[in-house]
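# Examining the three-dimensional arrangement
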Amino acid sequence: MKIINTVIAIISGVIVLLGYFIPSPLIQSLRQPLLDWAVILSGIAGLIAILNLVFGVHWKRLKENGASKGFSFVLFIAFLLTLVAGIFLGPSNTGFQKLVTAVQVPIESSLMAVLAITMAFSSLKMLQRQRNWMGFVFFLSVVIFLIINSGVLAFTTDIPVINDMLSGFHQVPVAGARGILLGIALGSLATGIRILIGSDRPYNG
Amino acid sequence: MPFIGFLIVILTIVGTILFASKRVRAKYPPVFRKIAAIAKLRRAIGLSVEDGTRIHVTLGSANLTDPANTSAFVGLSSLHRLGQLSSTSDQPPVCTSGNGGLTLLSKDVLRAVSVETNTRELYDPDHGQLTGITPFSYAVGAMDILHEPGISANVLIGNFGTEAGFFSTISESNTDFTLAASDSITAQSIFFATTRDVLIGEELYAIPAYLAYSPIHLASLQVQDLLRWLVGIALIAGAILKLLGIL
């Protein structure tokens, strides 16, 4: 069974990869259904995982009468209400969309605010954690860019040398990010190839 | 351009297979620098086995059809190895994610580990969990597990957004060890500011090789290094040609 899974995965991977490089109608006609199936399977996997979360994890917690029973109850009721409303009104219904957004947006905005404060507080202790030159450079960069982007140096736009220097500073993070992204792209390629040749198998069957 | 891409893919495949072969390995043995964070992870695994605690791995919320999912695949490889290394304990690792596909794969990896290590009685499908389907709901859902007293180390490997801040700050304050690695620049900067042991850039892709020492992982890392040199040379050559006005 493992061999069959691996063979199917390798063949599918090779067809999809070849489709990127070879614009042959035959490969494209094979590649498109595979991509469509992947999207459908991904959706079904999402549904299974949600059902597992609701009925496997939270329903179990409700029955066990644990400490976080209240949260599980709220999740269970919210899930049922959303499911029923979604089935009867349809996901494209404007009323249904408004209802979901009216709950989700304020909650996520509040979480973002909490996150901003938590991170600001945690970053203050950064030099305690990263006691090395990288930590110092990171800290210095944060301070410099906070000053530059705060607008307090707006008066220097008329001074040519300082203005050129500041625009040069703005290029530094872009260059650094590109370097990191190149490394990540190469790592992604190597990981993808390992999966493609079947040596790494996150699917076991 | 597609030809160059195709050439790089072929080069990577051939290089990986070549470097993984016994003869080439003997002639060009891989020499890797020490990554302190991964050494600490190995220690944290040992400690968790000794004191009967668990390791929590979280894989981010990348979709399986996204190009960003390779970091989550690295997370799955690491989960597999962590499961093997902690198999002498009666507390197998737990895994959370923010995507259904990743959840099913994490359950599958945990089940495979239990079969390989003959610990089927310890396998619980709920050890692989989806905690939310939006980035924030995923982070909030995982908080329960981050707060559990039985968790001694958190391994954050995958594609995260700003919600990475929740994971790292809570993990740092609740557990002895946190390893954070992501392919996202935003998450990397958040992790760097909020945790002690962070992997930057392509270091993330070295985790399976450093944990497993399997020939294919080591070969893959060698090819990655080789490609980095080639890209560096191409960039410098391009800059010189541009200066000379040829490009």
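Residues numbered from 1 in each chain as written. Chains lettered and ligands numbered in written order. Predicted model: local features only at pLDDT ≥ 70, side-chain atom pairs only at ≥ 80, totals over all residues. Heavy atoms only, no water.

Turning next to the overall build of chain B. Along chain B, the regular secondary structure elements total ten helices and six strands. Taking 247 residues into account, the globule formula puts the C-alpha radius of gyration at 18 Å, and chain B, at 19 Å, falls close to it. Taken over the C-alpha atoms alone, chain B extends approximately 60 × 40 × 30 Å along its principal axes. Burial analysis of chain B (247 residues in total) assigns 55% to the buried set. In chain B, of all internal contacts separated by at least 6 residues, the share reaching a separation of at least 24 is 71%. Carbon and sulfur atoms provide 64% of the accessible area of chain B, an area that totals close to 10600 Å². Of the charged side chains in chain B, 17 are positive and 19 negative; the average position of the first set lies 13 Å away from that of the second. (Helix = DSSP H or I, 4+ residues; strand = E, 2+ residues; numbered from the N terminus. Rg over C-alpha atoms; globule rule 2.2 N^0.38 Å. Buried < 20%, exposed > 50% of the residue type's maximum accessible area, 1.4 Å probe, protein only. Contact = heavy atoms within 4.5 Å. Areas by Shrake-Rupley, 256 points an atom, 1.4 Å probe, with all protein chains shown as cover. Lys, Arg positive; Asp, Glu negative; His and termini not counted. Charge placed at Lys NZ, Arg CZ, Asp CG, Glu CD.)

Once that is clear, we can look at the sheet that holds strand β6 (residues 197-199) of chain B. All names here are of chain B. Taken in spatial order, the six strands line up as β3-β2-β1-β4-β5-β6 in an open sheet, and their pairing is parallel. Across the chains shown, the open sheet's two edge strands, defined by having one partner strand only, are β3 (128-130) and β6. Strand-to-strand twist of the sheet, defined as the mean angle between neighbouring strand axes without regard to direction, takes the value 15°. Pairing of strand β2 (residues 94-97) with β3 involves three bridges; the strand directions are parallel. Paired with T96 across the bridge in β3 is Q129. Against the sheet, helix α3 (residues 36-51) engages β1 (54-60), β4 (151-159), β5 (177-182) and β6, with an angle of about 135° to β5. (Pairing = 2+ DSSP bridges. Axes fitted to C-alpha atoms, helices over the stretch in contact; angles between N-to-C directions.)

Residue and element names in this part refer to chain B. Judged by nonpolar contacts, the single largest core of 40 residues is most densely connected at L41, L76, V155, L179, L199 and I207. If you tally residues by element for this core, the top one is helix α4 (residues 70-85), at six residues. Counting residues in hydrophobic clusters, the runner-up holds 20 residues, among them F160, A164, I170 and V198. (Core = buried A, V, L, I, M, F, W, Y, C linked by side-chain atoms within 4.5 Å.)

For the rest of this paragraph, the subject is the interface of chain B and chain A. Of the residues lining the interface, 67 residues belong to chain B; the matching set on chain A comes to 57 residues. Here chain B packs against chain A, burying approximately 5000 Å² in sum over the two surfaces, 72% of which is carbon and sulfur. Applying the counting criterion to the chain B and chain A interface returns two salt bridges. Here B:D126 makes a salt bridge to A:K60, at a shortest N to O gap of 2.6 Å. When contributions to the side of chain B that touches chain A are tallied by element, the ones reaching two or more residues are α1 (2-20), α4, α5 (100-116), β3, α6 (135-147), α7 (164-174), α8 (185-194) and α10 (215-243) of chain B. With ten residues, the single largest contributor to the side of chain B that touches chain A is α5(B). Tallied by class, residues from the side of chain B that touches chain A come to 30 nonpolar, 26 polar and eleven charged. (Buried area = accessible area lost by both parts, 1.4 Å probe. Salt bridge = Lys/Arg side-chain N within 4 Å of Asp/Glu carboxyl O. Nonpolar A, V, L, I, M, F, W, Y, C, P; charged D, E, K, R; others polar.)

Residue and element names in this part refer to chain B. Mapping F160 onto the fold places it in the loop between β4 and α7. Overall, the relative accessible area of 3% leaves F160 in the buried class. On a C-alpha basis, the gap between F160 and N69 in space is 11 Å, while along the polypeptide they are 91 residues apart. In this structure, F160 is in contact with T58, L59, G60, Y138, F167, A181, S182, S184, A187 and F191, ignoring residues within four places of it in sequence.

Structurally, the position occupied by A:I180 is in helix α7 (residues 160-196). Once you skip the residues sitting within four places of it in the chain, A:I180 turns out to touch B:I185, B:Q188, B:I200 and B:G201.

In this section: the side chain of A:R194. Residue position: A:R194 is located in helix α7. The contacts of A:R194, once residues within four sequence positions are left out, are A:S199, A:D200, B:P208, B:I216, B:H217 and B:S220.

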